[in-house]
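Structural description and commentary
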Amino acid sequence: MTSQNGGQALVAALAAHGVDTVFGIPGTHNLAVYAALADSPIRSVLTRHEQGAGYAADGYARVTGKPGVCLTTTGPAILNAAAAAAQAWSDSVPVLFISPALPLTHPGRGNGYLHEVKNQQAALEAIVSYSHRVTSVAEIPRAIAYAFAAMRSGRPRPVHIEIPVDILDAEADVRIVAPVESAPLAAPPHAVTDAAQRLAASQSPVLVVGGGARSAAPQVRALAERLSAPVITTTNGKGVLDEDHPLSVGAGVHHPSVRAVLETADCVLAIGTEFAPSDFWYGPVELDDKLIRVDVDPTSMTTNADPAIRLLGDAGTTVLQLLDVTKMREDSGAHERAASLRQGLHADAAAEGAPWLDMMAAIAPAVDESTVIAGDSTMACYYGALSNLTVHRPGGFLYPTGQGTLGYGLPAAIGASVADPDARVLAILGDGGVMFTLPELATAAQLRLPLPIVVVDNGGYGEIRNEMADRGDSVHSVALGGIDFPAVARAMGCHGRTVESSGELTDAITAAFDADRPTLLHIRENSRATQQV
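Conventions adopted
Residues numbered from 1 in each chain as written. Predicted model: local features only at pLDDT ≥ 70, side-chain atom pairs only at ≥ 80, totals over all residues. Heavy atoms only, no water. UniProt positions renumbered as here; feature names shortened; annotations may be inferred. Patch = residues over 30% accessible without salt bridge, like charges linked within 9 Å, V, L, I, M, F, W, Y side chains within 5 Å. Areas by Shrake-Rupley, 256 points an atom, 1.4 Å probe, with all protein chains shown as cover. Salt bridge = Lys/Arg side-chain N within 4 Å of Asp/Glu carboxyl O. Helix = DSSP H or I, 4+ residues; strand = E, 2+ residues; numbered from the N terminus. Buried < 20%, exposed > 50% of the residue type's maximum accessible area, 1.4 Å probe, protein only. Contact = heavy atoms within 4.5 Å. Polar contact = N/O pair within 3.5 Å; in protein donor to acceptor, adjacent residues only side chain to side chain. Pairing = 2+ DSSP bridges. Axes fitted to C-alpha atoms, helices over the stretch in contact; angles between N-to-C directions. Core = buried A, V, L, I, M, F, W, Y, C linked by side-chain atoms within 4.5 Å. 1 Å grid on protein atoms, 1.4 Å probe; cavity = no way out; pocket = protein on both sides within 12 Å on 5 of 7 lines; lining within 4 Å. Points joined across faces, edges and corners; volume = space filled by probe spheres on them. Nonpolar A, V, L, I, M, F, W, Y, C, P; charged D, E, K, R; others polar.

Taking an unreviewed UniProt entry as the reference, the protein chain is identified by name as acetolactate synthase belonging to Rhodococcus opacus. Quoted verbatim from the Sequence similarities (unreviewed entry) field of UniProt, the annotation for the protein chain is "Belongs to the TPP enzyme family." Recorded under Cofactor (unreviewed entry), the UniProt text for the protein chain is reproduced unchanged: "thiamine diphosphate".

Written out as structure tokens, the structure reads:
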């Protein structure tokens, strides 16, 4: 045991759990933590807004598979990060949010203390897996160990820990708690046997793969090849199987052709997906009697679909169990079948994403095996990139599926770049969403990231404009414009360039990957596309 203050105990505990990066902003109440960070091996990434810090930690977590860490000060700072915390919760991303809290002796009804919030912990408790208030310096390492154990077992969710400001500067004897090691959950053997028999008897099995399989990419590929089964992915599962693989159908389970495939298949094996309405868009597909479901969360096992066979277990471990008892399924026409299904999905995607097809075709040559695409909740992403742009790696498409938050893409791209410096990271944003976290251009510039940032400008909130028109409402309060995005980028230390046509994007993005700083590429949708959106 050593004598440490609360800030030192926190940083030592984070380091003991393998944390190498925190994203955040120093403030009056967390200075003890930043003082300890200066003397630690942990890198501190300074963002321009706490929401950006939360999204960056989310992007970091999705790329590394490790919990991201967002460090804020009290009150407005942690509340600024609340949208990012909600996004991490909805997409099952392990992010640890850490903030100071009001002093232990603070009056229960308040007294106007700086950054005072009526009940900060309750606000975060309503959003994340749980929020824990530390009450002593000695408790800090245990609280961190508990948080990491929770985030690394079962379904990953974000956690919030708050430490009263008087504890951060207080000193006590502290013992750092080693990480808790846990074995991945294995599915019940009898259920695995039942699933293998069902798959062996199937004539047309299909795999549906979600974000919960991101860490099980090799196992998923091996099982798909063993079963000669085509693979369809959800938004967060995009890239778990390289989309150039002959068994890959592509991403986007909302397409009519995919719905038809699932309805006609005699066996559907779903791995790490919650069958969420935010994936299927147009209502659920009835699969219960032919569905085999792999999920690590017992409370999610029967949500949205109640499977015929329940494989409660970690995706990687459970798929390995299936591989141990599943024989090679001979199907000489499997690749042709997958190609036919892929053609159907691509036809749906091309019709849905017509205004952005030229852009996607121009972006595609710049996307290689290392590329991570960080998208915002913008039409160019969910109609354009999701099903029309090929991704080759798990965690290669970062997108705010569950919450659909605007402003996610730019800071998530920063987090991904920090997480994997060898990756080619590309951000695709809309002119509306980019304004939510536009100051993070300065963060990317300070980090000297060779980050292409494509801002697709349709002059407003195009999706909402469409919905207003579809309802027969008066279309108003959705028009934007007048922003010289390249000039703003240059003012924040980035390169900025106007791209006059989609054909210029390939060379512009390629050059941006080799640049000495981020490059914002501003492209306006043509008049035909703007009219359609």
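1. Things to note about a nonpolar patch on the surface
A cluster of nonpolar side chains, contributed by Met435, Phe436 and Ile483, occupies part of the molecular surface with about 250 Å² of accessible area. Relative to the elements of secondary structure, Ile483 occurs in the loop between helix H19 (462–471) and helix H20 (485–491).

2. Quick look at the environment of Thr303
Turning to its location among the elements, Thr303 is positioned in the loop between strand S13 (291–295) and strand S14 (309–312). What makes Thr303 partly exposed here is its relative accessible area of 35%. Residues Thr303 and Ile453 lie 150 residues apart in sequence; the distance between their C-alpha atoms is 37 Å. Setting aside its immediate chain neighbours within four residues, Thr303 contacts Glu274 and Arg293. One polar contact links the side chain of Thr303 to the main-chain carbonyl oxygen of Thr299, over a distance of 3.0 Å.

3. What about the sheet that holds strand S12 (residues 267–271)?
Hydrogen bonds along the backbone pair up the strands of a sheet, which may run parallel or antiparallel. Taken in spatial order, the six strands make up an open sheet running S11-S10-S9-S12-S13-S14, and their pairing is parallel. Both edges of this open sheet fall to strand S11 (248–251) and S14, since each of them pairs with a single strand only. Sheet twist, expressed as the average angle between the axes of neighbouring strands with direction ignored, equals 15°. Bridge analysis of S12 against S13 gives four bridges, and the strand direction is parallel. Across the sheet, Val268 pairs through a bridge with Leu291, a residue of S13. Helix H13 (residues 315–325) rests against S12, S13 and S14 of the sheet, and its axis sits at about 145° to S12.

4. A short note on the nonpolar core
Residues Phe23, Phe97, Leu398, Leu441, Leu451 and Ile453 are the most contacted members of the largest nonpolar core, which totals 47 residues. With seven residues, helix H3 (residues 50–64) is the largest single contributor of residues to this core. Each residue touching Leu451, except ones within four places of it in the same chain, is listed here: Leu410, Ala413, Ile414, Ser417, Val425, Leu426, Ala427, Ala444, Ala512, Arg517, Pro518 and Thr519.

5. Notes on the side chain of Asp91
Tracing the backbone through its elements, the reader meets Asp91 in the loop between helix H5 (82–90) and strand S5 (95–101). Leave out the neighbours within four places in its chain, and Asp91 touches Arg62, Asn236, Tyr399, Pro400, Thr401 and Gly402.

6. As for the layout of surface pockets
Taken as a whole, the largest pocket encloses approximately 1,100 Å³ of empty space. Of all elements in the fold, only H3, helix H7 (140–151), helix H12 (277–280) and S13 reach the threshold of two or more residues within the lining of the largest pocket. In terms of residue count, the dominant contributor to the lining of the largest pocket is H3 (three residues). By residue class, the composition of the lining of the largest pocket is 17 nonpolar, 20 polar and ten charged.

7. Considering the sheet that holds strand S2 (residues 21–24)
The strand order S3-S2-S4-S5-S7-S6 describes an open sheet built from six strands, whose pairing is parallel. What marks the edges here is a single partner per strand, and that holds for strand S3 (43–46) and strand S6 (130–133). Across the sheet, the mean angle from the axis of one strand to that of its neighbour is 25°, orientation sign disregarded. Pairing of S6 with strand S7 (residues 159–164), which is carried by four bridges, proceeds in the parallel orientation. Looking at S7, one finds that Tyr130 is bridged to Val159. Against the sheet, H7 contacts S5, S6 and S7, and its axis sits at roughly 170° relative to S7.

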